[in-house]
Amino acid sequence: VQLLESGGDSVQAGGSLRLSCVASGIIYSRYTMGWYRQAPGKQRELVADITSGGSTNYADSVKGRFTISRDNAKNTVYLQMNSLKPEDTAVYYCNALAGGIPRREYWGQGTQVTVSS
């Protein structure tokens, strides 16, 4: 199983980035896909996730600025990030989760997003 993220970069406040995560080795359409982030000295937190049916969930801090989407034909999940703020600076991780027994969860290696003021 591999989750490969891309799209991280350094941008100025107010800018935009789009993160991508390509999954391999899983039946992608069965998984809830998510983006998490971890800033230095802080715990990893959920940014947004999207179920196999397309239902989305966002952290309050990114609502109205970030949009998560998925393309099941390409085994890819995206995170469109607009109006970026310095507090969005973090390593962003892709997550794949399938509930049930046993629980199956996988993580990508992370991609750095840096927003300067």
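Structure shown above.
Residues numbered from 1 in each chain as written. Predicted model: local features only at pLDDT ≥ 70, side-chain atom pairs only at ≥ 80, totals over all residues. Heavy atoms only, no water.

**Student:** Help me out: how do you make sense of the environment of K42 in this one?
**Tutor:** Note that K42 resides in the loop between β4 (32-38) and β5 (45-50). Owing to a relative accessible area of 58%, K42 belongs among the exposed residues under this scheme. A C-alpha to C-alpha distance of 9.5 Å links K42 and A90, two positions 48 residues apart in sequence. (Helix = DSSP H or I, 4+ residues; strand = E, 2+ residues; numbered from the N terminus. Buried < 20%, exposed > 50% of the residue type's maximum accessible area, 1.4 Å probe, protein only.)

**Student:** How should the pairing of strand β8 (residues 76-81) be read in this particular structure?
**Tutor:** Two faces make up the sheet, and in a regular strand the side chains alternate between them. Most of β8 is tucked away: 5 of the 6 residues are buried. As judged from the 6 bridges shared by strand β3 (residues 17-24) and β8, these two strands associate in the antiparallel manner. When the sheet's bridge partners are listed, V22 is paired in β8 with T76. Where strand β7 (residues 66-71) meets β8, 6 bridges bridge the pair, whose relative direction is antiparallel. From the neighbouring strand, T67 faces β8, where its bridge partner is Q80. What sits between β7 and β8 in their antiparallel hairpin is a turn of 4 residues, with N75 showing a positive phi close to 50 degrees. (Pairing = 2+ DSSP bridges.)

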